[in-house]
Amino acid sequence: AQTVTQSQPEMSVQEAETVTLSCTYDTSENNYYLFWYKQPPSRQMILVIRQEAYKQQNATENRFSVNFQKAAKSFSLKISDSQLGDTAMYFCAFYNTNAGKSTFGDGTTLTVKP
Amino acid sequence: EAGVVQSPRYKIIEKKQPVAFWCNPISGHNTLYWYLQNLGQGPELLIRYENEEAVDDSQLPKDRFSAERLKGVDSTLKIQPAELGDSAVYLCASSLASGTPRNEQFFGPGTRLTVL
C-alpha cells in the first residue's frame, strides 16, 4: 500500500513571493504518477501539475513547478509569484498505474496574504 | 465542455435515514470514482468503476453503502441507514481511463452530507 505525507498542515505567503509545499510518499511500485491538486474554499478540486515517475525532468506549469526526488520519495510544489487566487488547500496524490488507484495526502492549507 | 456534475450539493438528514447522491461524469470518461472527504483530510476512495463494472470497491462499507452505474454513464451512491460518522463531503471524479497516461481525474463539486 502507498502512503502520502504532507507535513505542513498550514502555510502562508505574501503576495508575489515564493512558497514551497512538501510531500513525501512511500511505495514499492515503479510505475506511478504524482499529482498536485488545488481545492479552493467551497470550490471543486482541480489539477495543478503532474509528474511521471519515469521522467527525471521536473514538471513545470507557468508559476508552478515541482522538485521530484525519486530516490528520496519526495515531491514538493513550488509556487512562484504567489497570487491571492492561489489561496486553497493543496493535495499531493500518488497514482498507482498498475492498480489504477490514487492515494491522497491530508493537504496543506495555503493562505496568500496581500 | 461540461464538467462532472453532482447533486445535491448539500444534504441534511437524521441518523438512520437513507440518502442518495448522484453523479454525471464528463462525456466519454469511462472511469468513475466515488471518494469520501472528511474535514481537513484528503479524499479516500470508496469505489471505482470502469464503464459499468465496479473494479475496486474494497473500501466501500458494504453493510450500509451501495453504488451503481447501470449504463456505464451516471452513477448513484446510497447510504442506508446513515450514521453520524457519515457526515462528510462525497466527491465524484471521472477520467478517460485508469492505468494509462490519460489518467487525470476531474472532480465534481461534491455533496456535503450532514447527519444529525
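Heads up: these notes are all about the structure in this document. The shown structure was predicted, so the numbers you read here are calculated from the model rather than taken from an experiment. (Residues numbered from 1 in each chain as written. Chains lettered and ligands numbered in written order. Predicted model: local features only at pLDDT ≥ 70, side-chain atom pairs only at ≥ 80, totals over all residues. Heavy atoms only, no water.)

Moving on, we come to the nonpolar core. Judged by nonpolar contacts, the single largest core of 25 residues is most densely connected at A:Tyr25, A:Trp36, A:Phe75, A:Leu77 and A:Tyr90. Of all the secondary structure elements, the ones that give two or more residues to this core are β3 (19–21), β5 (32–39), β6 (46–52), β8 (64–69), β9 (74–79), β10 (88–96) and β12 (108–113) of chain A. Looking at this core element by element, the count peaks at four residues for β10(A). Ignoring any residue separated from it by four or fewer positions in sequence, one finds A:Phe75 in contact with A:Cys23, A:Tyr25, A:Leu34, A:Phe35, A:Trp36, A:Gln51, A:Val66, A:Asn67, A:Phe68 and A:Cys92. Within the second largest apolar cluster, 22 residues are counted, among which are B:Val4, B:Phe65, B:Ala88 and B:Leu113. (Core = buried A, V, L, I, M, F, W, Y, C linked by side-chain atoms within 4.5 Å. Buried < 20%, exposed > 50% of the residue type's maximum accessible area, 1.4 Å probe, protein only. Helix = DSSP H or I, 4+ residues; strand = E, 2+ residues; numbered from the N terminus. Contact = heavy atoms within 4.5 Å.)

The partner chain A presents 20 residues to the 24 residues of chain B that form the contact. Both sides together, the interface formed by chain B and chain A hides about 1700 Å², and carbon and sulfur atoms give 47% of it. When the area that chain B buries against chain A is broken down by residue, the three leading residues are B:Asn103, B:Glu104 and B:Phe107, summing to 28%. Viewed at the interface, chain A and chain B are joined by one salt bridge. (Buried area = accessible area lost by both parts, 1.4 Å probe. Salt bridge = Lys/Arg side-chain N within 4 Å of Asp/Glu carboxyl O.)

Below, the discussion takes up the packing of aromatic side chains. Evaluation of the coordinates by the stated rule reveals 16 aromatic pairs over all chains. With a centroid separation of 6.3 Å and an interplanar angle of 85°, the aromatic rings of A:Phe68 and A:Phe75 are classed as edge-to-face. Both residues of the pair, A:Phe68 and A:Phe75, belong to the buried class. Between A:Phe104 and B:Tyr35, the ring centres sit 5.6 Å apart and the planes meet at 85°, which makes this aromatic pair edge-to-face. Pair noted here: A:Phe104 is in strand β11 (residues 101–104) and B:Tyr35 is in strand β4 (residues 31–37), and the two residues belong to different chains. (Phe/Tyr/Trp six-rings, centres within 6.5 Å; stacked < 30°, edge-to-face > 60°.)

Limitation: the analysis is restricted to geometry and does not speak to function.
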